Amino acid sequence: MPHLWVRSEQRANEERVGLTPQGAAKLRAAGFDVTVEQSTQRSLPIADYAAQGCTIATEFSWIDAPDDEIIFGLKELPDDGTPLRHRHIMFGHAYKGQPAGQDLLQRFKAGGGTLLDLEYLTDADGRRVAAFGYWAGYAGAAVSLMCWLAQQNGNVAGPVTTYKSANHLLMALQQDLMALGTERPTALIIGALGRVGSGAADLCAAMGVATTRWDMAETASGGPFPEVLAHDIFLNCILARPGTPVFVPASAKVAVRKLSVIGDIACDPDSDFSPIKVYDRTTTWDAPALRVHDQPPLDVTAIDNLPSMLPAESSEDFAEQLLPHLLALETDADGVWGRARDWFTRATT
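So, a few notes on the structure that sits alongside this text.

What counts as what
Residues numbered from 1 in each chain as written. Predicted model: local features only at pLDDT ≥ 70, side-chain atom pairs only at ≥ 80, totals over all residues. Heavy atoms only, no water. Pairing = 2+ DSSP bridges. Helix = DSSP H or I, 4+ residues; strand = E, 2+ residues; numbered from the N terminus. Axes fitted to C-alpha atoms, helices over the stretch in contact; angles between N-to-C directions. Contact = heavy atoms within 4.5 Å. Phe/Tyr/Trp six-rings, centres within 6.5 Å; stacked < 30°, edge-to-face > 60°. Lys NZ or Arg CZ within 6 Å of the ring centre and 35° of its normal.

In space, the six strands of this open sheet follow the order 8-7-9-10-12-11, with mixed pairing throughout. Every other strand in the sheet has two partners, leaving strand 8 (210-214) and strand 11 (290-293) as the edge strands with one partner each. Strand-to-strand twist across the sheet, computed as the mean angle between neighbouring axes with direction ignored, equals 20°. Summarising the sheet, strand 10 (residues 261-264) and strand 12 (residues 298-301) pair through three bridges and their orientation is parallel. In the strand pairing of strand 12, Val261 is matched with Asp299. On the sheet, helix 6 (residues 195-206) packs against strand 7 (186-190), strand 8 and strand 9 (233-236) and is oriented at approximately 165° with respect to strand 7.

The following block contains the structure:
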């Protein structure tokens, strides 16, 4: 009988979860045992999981779980170097040469465990079966707009926080825009036809931000792309891969430009394939904007858990997409889960 152990997230500002109480009930009905750790920050209450018959465990106790349990989380594990002996379902960020990812893979090799990376759960055509992309785009566009608003007042954007719902976020942004007057920025979205881009476009439309929407056809030339510099805000919504063109070269800092905010929603600055060459590290909830040039200002925002700004909606959306595949976890060895395992095998041999 498969046993799924939903761990608590140890990262600050991470209120999401990949399994709802309703999903847990369906797993249990299908023969799964489900353990859910207590959490000091998860957006969904532990009592709702207990009501569905889940076993409740102490926060961060997964490390002592039996070897055959499947540990399910979203973001990174504690960086303590301990060998990893379980099967882990999570976002590993380990297959594009990221330094922290290489350390993670070494821990799996040392412990004999396996990483089933959520980013690499794909169907037979290579499309991801579950993603937070829409809400990442929505929140990423919102933070980029916050950065632009701060610039209009001669500042760098201050801390960001979670919101009870998308409507609460929209109301807060609308108040700040109204205080500014009628001025609105322009934005260019690359990757506009994907999940991330559609979320970014919807936020911009709700805020009255005029957008230019590009996808693969518009970037097929390989660049350069002077149009990026001609907009106030650039939103990068594509997953970097080998062959991805550079959208913002290092020279953009000193180029003649209207561009003042880059929202790198894909947020992969450590990758060799990153199309944004003016920065080299992620930003944080406490300091969402990295100023990479002063006059005229150019800020980059690149928060790598953006959907957690809207934890309830993003968790429910992602969990609904993923649940059919969790139900097939032990029977789809040559499908979605087999392909994820193959990625791990290639990365560790």
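Omega for the peptide link from Gly223 to Pro224 comes to 5°, which places this bond in the cis form. Checked against the element boundaries, Pro224 lands in the loop between helix 7 (216-219) and helix 8 (226-229). Here Gln295 and Pro296 are connected by a cis peptide whose omega angle stands at -10°. Considering the arrangement of structural elements, one finds Pro296 in the loop between strand 11 and strand 12. Residues other than glycine seldom take positive phi values, yet Phe60 does so here, at roughly 65°.

Throughout the structure, instances matching the rule amount to 13 aromatic pairs. Seen from their ring centres, Tyr120 and Trp343 are 4.5 Å apart, and the 50° between their planes marks the pair as tilted. With Tyr120 in the loop between strand 6 (114-117) and helix 4 (133-152) and Trp343 in helix 10 (residues 336-348), this residue pair connects regions lying 223 residues apart in the sequence. Taken together, the aromatic side chains of Trp214, Phe225, Phe234 and Phe247 make up a single cluster linked through ring pairs. One Lys or Arg, Arg16, reaches over the ring of Phe132 and ends 4.3 Å from the middle of that ring. Cation over ring: Arg346 sits above Trp343, and NZ or CZ is 4.9 Å from the ring centre.

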